[in-house]
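Remarks on the overall topology
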Amino acid sequence: MQCQECQDDVDELIPVKVGRKTRKLCEDCAERVQEADAVAGEAESNMQKMMEYKGRRT
Ligand SMILES: [Zn+2]
């Protein structure tokens, strides 16, 4: 089976949800993508907090 991220042939692919899509990735890529996704989600919620904060002040 082939990883959709690094195109490596691996025994096992792990389904990882990226946004609305599910990608099948090798263990390494799955970990990396999940981490990046978590960071992106955090950044987004921080941004929303900042917007709210600004919204209250003005
Ligand atoms: Zn991979």
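Residues numbered from 1 in each chain as written. Predicted model: local features only at pLDDT ≥ 70, side-chain atom pairs only at ≥ 80, totals over all residues.

1. Here's the deal with the overall build of the protein
- On a plain count of helices and strands, the protein comes out with one helix and two strands.
- Ordering the α and β elements of the protein from the N terminus gives β-β-α.
- Based on the C-alpha atoms only, the size of the protein along its principal axes is roughly 55 × 20 × 15 Å.
- Scored against the burial criterion, the 58 residues of the protein give a buried share of 5%.
- Sequence-distant contacts in the protein: of pairs separated by 6 or more residues, those separated by 24 or more amount to 8%. (Helix = DSSP H or I, 4+ residues; strand = E, 2+ residues; numbered from the N terminus. Buried ≥ 20, exposed ≤ 12 C-beta atoms within 10 Å, placed from the backbone. Contact = placed C-beta atoms within 7 Å.)

2. Section: the pairing of strand S2 (residues 21-25)
- Where strand S1 (residues 14-18) and S2 come together, five bridges link them in antiparallel fashion. Residue pairing across strands places Pro15 opposite Lys24, the latter belonging to S2.
- Linking two consecutive strands that pair antiparallel, namely S1 and S2, is a turn of two residues; a positive phi of about 65° is found at Gly19 within it. (Pairing = 2+ DSSP bridges.)

3. A word on the confidence of the model for the protein
- Residues with a pLDDT of 70 or more make up 97% of the protein, whose mean pLDDT is 90.
- In the model of the protein, helix H1 (residues 27-57) stands out as the element of lowest mean pLDDT, 88, in contrast to S2, which has the highest, 94. (pLDDT = per-residue confidence, 0-100.)

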